[in-house]
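# Fold and contact review
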Amino acid sequence: MLKMASSFPEEVLEHVFSFLQSDGDRNSISMVCKSWYEIERWCRRRIFVGNCYAVSPRILIRRFPDVRSITLKGKPHFADFNLVPEGWGGYVYPWIVALASAYPWLEEIRLKRMVVTDESLELIAKSFKNFKLLVLSSCEGFSTDGLASIAANCRNLQELDLHESDVEDLSGRWLSHFPDTYTSLVSLNIACLGSEVSFSALERLVGRCPNLRSLRLHRAVPLDRLSNLLHRAPQLVELGTGAYSAELRPDVLSNLSSALSACRELKSLSGFWDVVPTYLPAVYSICPGLTSLNLSYAIIQSPDLIKLVSQCPNLQRLWVLDYIEDVGLDALAVSCKDLRELRVFPSDPFVLEANVSLTEQGLISVSEGCPKLQSVLYFCRQMSNEALITIARNQPNFTCFRLCIIEPRTPDYLTLEPLDVGFGAIVEHCKDLTRLSVSGLLTDRAFEYIGTYGKKLEMLSLAFAGDSDLGLHHVLSGCDNLRKLEIRDCPFGDKALLANAAKLETMRSLWMSSCSVSYGACKLLGQKLPRLNVEVIDERGHPASRPESLPVEKLYIYRSVAGPRFDMPNFVWTMDENSALRLT
Amino acid sequence: MSEGDMAVIKPKMLKSYIWLQTTDGSIQQVEQEVAMFCPLICREVIQKGMGSSKTHAISLPERVNTAMLSLILDYCRFHQVLGRSNKECKSFDEKFIRMDTQRLCELTSAADSLQLKPLVDLTSRALARIIEGKTPEEIREIFHLPDDLTEEEKLEPLKNVTDDPRIRLLNRLYARKRKELKEREKLKNTEDGERNDDRSVDDLLTFINGEIGDSKEIKSSKNKKKNRRRKDQQKNTCLYEANESHEEPKSLNFVCPSDEVNKFRPSPSLTLTLQDLEHDSLNDQLEFDDGDIDDEIDPALKAQIDREVEDFARRLNSDWPQRMQEILSLGQERRRVQLSLNGNDSLRRYAYIMTRPPSSLRRMVEVLVLGFNPWSNSRVEMILMT
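Residues numbered from 1 in each chain as written. Chains lettered and ligands numbered in written order. Predicted model: local features only at pLDDT ≥ 70, side-chain atom pairs only at ≥ 80, totals over all residues. Heavy atoms only, no water.

The helix and strand inventory of chain B stands at 19 helices and 3 strands. Across the 386 residues in chain B, those meeting the buried criterion constitute 42%. Long-range contacts, defined as pairs at least 24 residues apart, comprise 64% of the intrachain contacts of chain B with a sequence gap of at least 6. Summed over its atoms, the accessible surface of chain B is roughly 21,500 Å², and 51% of this surface lies on carbon and sulfur atoms. (Helix = DSSP H or I, 4+ residues; strand = E, 2+ residues; numbered from the N terminus. Buried < 20%, exposed > 50% of the residue type's maximum accessible area, 1.4 Å probe, protein only. Contact = heavy atoms within 4.5 Å. Areas by Shrake-Rupley, 256 points an atom, 1.4 Å probe, with all protein chains shown as cover.)

The structure is reproduced here in structure tokens:
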């Protein structure tokens, strides 16, 4: 056996490893033995860092000498709901500085929920000669000036994706910074921008890039401009329209229809701001080929929606507003047998009375009619245990189930009981469930079910639920694979957290806001577990100025080998054994 | 092989043969077109004119034994025929690689030494499929690889890695200092929040070193500690359900981290109850630990440790730039570096500090003594990256 191990040359082993690119496999390989660890670290090219504060750039660079692709995530998920105060952190600049000097051949940077400045973008543009891909998902802190740097300097750029970032849009001129010699664009997503860009520049750009596959425009591109663009890029696979409206002229519809029908590869549609329903038929010709349809900005009523989805038999993903109503979801269940993912967003979440006729029935229909449905995000106003049990039985294949009953603590509308049993059925039947968000009236019993059955659960989101620490204890002690737990406004305090403190080191992060965790407990956790960063976020002032037993506003705990961070604002403190003694 | 035999019968004019010799001694003839499919053999024939007779047989690389040669020739014999459809080739390949892992490894290795890239790819992919989705333990078993990563390099809850008594000592002494400062704080009025420590590194270490001289009498070993802890636990009962009111009283057995700083494992044998957490008993137990500077450090070793600590402090102050160069140049090497906990411990420690140059030397000591994360603690990073 030893003979075999020694006669197996490194280069061959490296070649074997080259066929294993998933992070999980790479991690497994590197932990087999010392020699595999060494070989693997020299040939790993893609790195995923789920929490930018879990590891430092230096540690990363020291271990992996030749990285070509990096993904970094910054703020916790609840930042999407404005629960993370401005200035909390997630700054990418120090990373870019370190990466720039260590990896001159870096090709891809993907960032999510990080603060990206124009300086960072300029540094990226100048440091990486073969830079190909930049994805800024839900990022902020940069302006169109930074984009201009990227456009001007990255000769080999293939993908620029600003997915839902908060960009300071100074002007649309940045797009014109792509030089005339630049032809390598494959994917462009500027849907989040506001300012008008030069349409001629855009048309020329699209026209000279033969490999363009994905183009997601922003609202400032009107419909009559779309045809011109499509004529120049009939090879598109993904299209995000701009504003789906124009003055009612006869030629707009016909031009658009012919332009769209020429795009035979089109599989994904999005955009659809300001829809004028008269123009919807333009897309009918490509509907049969569609696998993904994002209508989350489209204010279209259910009859038009039904007409649309009924022509999409190959649809796998649908994001839509609740205008689709139960009747529309019935139609979906009949027409789209290949549906894998459904997201139904609320059109008006701030009114108490339902403005549309969307109830639990829609979800039941879809769970019944779509055998491949795996991922659901569903906003509604009423739910019952009976419905949830039916859904669970219909569709045990759910991997992601997120139900958001708009009004907190809403009970089962038929029996007025908590929805414990319903969610219990979900976790019991859906054995492969990895992501779950719960809502409605829930007692500790619901968490008992989750802890008992949610063995594969990796991410759990809780809000306005539970009675006591027992609920949290069930989750922390029962969910073996839990990686991310985010909680808001639940009556969970110190006991369950301290009792399950060891669990926290096996998770990526825990977020608790508006709960009952005391400052004293936070300090204790920070002292006991030096490999965790226990961050107390409190905009009311340092918690030491109040009695220790009072709860902190927000708590964010994550494991880290990089130690406490030093870029915190004045309302965030890291608890550790020496915070009192720390010599400033 | 029967083909070899048959070759003797057939007239030589119809086929030409290449003679190959494996390291385990056997010499055989192989049809030219089959053998020439291997780039290495091809080169030997064309460039060096070898293989035309038994006496001039081409010596094959060590990793190609008779069994492997046979397999490789089967592969070549099939693939060198032109005009095979993709489907045929795929079908053959799928059947061809069905063998146990050991043979597959040997075959990969052999194919690589003959530079037969298509076969290397085929076998490598097959090996990758075997590895895919498996845990490190499973992979180790399949490939009979040694489990030579140390505990602290693995994914299990990490113990304190400081086997080195110096580090343990420094940790304990620093903790003691902490305790004393707290006591001093309690005595004082809480008017001075800031504590400015302007002492140099040497001063700080001397202060710590001074403690060694004042140490308490050596208590008996850890056993006493353990017994005391166990007794405390037995006294406490689970009062959770008494404190809370809910419909179904359950007997909850909370598992807590052990008392020792940095050292815990969610083991059922060491359970604490909520009552412990509510009182300061936990803190007491922690300080109880800190109080023991003793175990296993005899005076002679202590003196040696003092010297080494001072030496280290001196080095921190002076050797910095030179050290850094040393460490950085070591990092350039591609070959596997023998990193072991015991041997080059100090080297790695320096290196860790080098890669995190803090603004002041005072800070460096803090780094050393506090969140000590040795070089090889990289396994945790892997979790963090998933």
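Further remarks concern the confidence of the model for chain B. Residue and element names in this part refer to chain B. In the predicted model, chain B carries a mean pLDDT of 59, and the fraction of residues at 70 or more is 36%. Here residues 210–297 scores under 50 on pLDDT; set against residues more than four positions off or in separate chains, the count is 136 contacts. For this predicted complex, the interface score ipTM comes out at 0.79, while the overall pTM is 0.73. (pLDDT = per-residue confidence, 0-100.)

This part covers the pairing of strand β21 (residues 532–537) of chain A. All names here are of chain A. Burial of β21 is extensive: 6 of the 6 residues sit out of reach of the surface. Residues L532, V534 and V536 of β21 are buried on one face, and the alternating residues N533, E535 and I537, pointing to the opposite face, are buried as well. Pairing geometry for β21 and strand β22 (residues 554–559), over 6 bridges, is antiparallel. Paired with V534 across the two strands is I557, which belongs to β22. Pairing of β21 with strand β23 (residues 572–575) involves 4 bridges; the strand directions are antiparallel. Residue pairing in the sheet places I537 in a bridge with V572 of β23. (Pairing = 2+ DSSP bridges.)

Residue and element names in this part refer to chain B. The 3 strands lie next to each other as β2-β1-β3, forming an open sheet whose pairing is mixed. Pairing within the sheet leaves two strands with one partner each, and these edge strands are β2 (27–31) and β3 (58–59). For strand β1 (residues 17–21) and β3, the ladder comprises 2 bridges, and the chain directions are parallel. Paired with Q21 across the strands is S59, a residue of β3. Along the sheet face, helix α4 (residues 66–79) touches β1 and β2 and points at about 5° away from the line of β2. (Axes fitted to C-alpha atoms, helices over the stretch in contact; angles between N-to-C directions.)

Quick look at the packing of aromatic side chains now. All names here are of chain A. Across all of its chains, the model carries 21 aromatic pairs over all chains by this definition. Residues W319 and F345 carry aromatic rings whose centres are separated by 6.1 Å and whose planes lie at 65° to one another, so their mutual orientation is edge-to-face. Here the residue W319 occupies a position in strand β13 (residues 317–321), and F345 occupies one in strand β14 (residues 341–345), the gap between them amounting to 26 residues. A relative accessible area of 16% places W319 in the buried class. With a centroid separation of 5.8 Å and an interplanar angle of 75°, the aromatic rings of F447 and F492 are classed as edge-to-face. With F447 in helix α17 (residues 444–453) and F492 in the loop between β19 (484–488) and α19 (494–499), the pair connects residues that are 45 residues apart, well separated along the chain. For the pair F447 and F492, a shared accessibility class is recorded, and that class is buried. Within the aromatic cluster, the residues linked to one another by ring pairs are Y53, W88, W511, Y556 and Y558. (Phe/Tyr/Trp six-rings, centres within 6.5 Å; stacked < 30°, edge-to-face > 60°.)

What follows deals with the UniProt feature "domain: SKP1 component POZ" (unreviewed entry) in chain B. Annotation from UniProt places "domain: SKP1 component POZ" (unreviewed entry) at residues 18–80 of chain B. Within residues 18–80 of chain B, the helical portion is 44% and the strand portion 17%, while the C-alpha atoms at the span's ends are 15 Å from each other. (UniProt positions renumbered as here; feature names shortened; annotations may be inferred.)

Residues and elements named next belong to chain A. Its location among the elements puts T399 in the loop between α15 (385–394) and β16 (400–405). Given the relative accessible area of 23%, T399 is considered partly exposed. For the pair formed by T399 and S375, sequence separation is 24 residues and the distance between their alpha carbons is 6.0 Å. Once residues lying within four places of it in the same chain are set aside, the contact partners of T399 are Q374, D432, L433, T434 and R435.

Another point: the pattern of salt bridges. Close approach of charged atoms allows side chains of opposite charge to pair. Residue and element names in this part refer to chain A. Across all of its chains, the model carries 37 salt bridges over all chains by this definition. Here E108 makes a salt bridge to R46, at a shortest N to O gap of 3.1 Å. You can see E108 sitting in strand β3 (residues 108–112) and its partner R46 sitting in strand β1 (residues 46–49), a full 62 residues away along the chain. With relative accessibility at 15%, the residue E108 sits in the buried group. Overall, the relative accessible area of 36% leaves R46 in the partly exposed class. Residues joined in a network through salt bridges with shared partners are R26, E40, R44 and R63. (Salt bridge = Lys/Arg side-chain N within 4 Å of Asp/Glu carboxyl O.)

Most peptide bonds take the trans form, and the phi angle of most residues other than glycine is negative. All names here are of chain A. For R409, which is not glycine, the phi dihedral falls at a positive 60°. With relative accessibility at 47%, the residue R409 sits in the partly exposed group. Here the phi dihedral of D489 falls at roughly 50°; this positive angle occurs in a residue that is not glycine. Looking at the element boundaries, D489 is found in the loop between β19 and α19.

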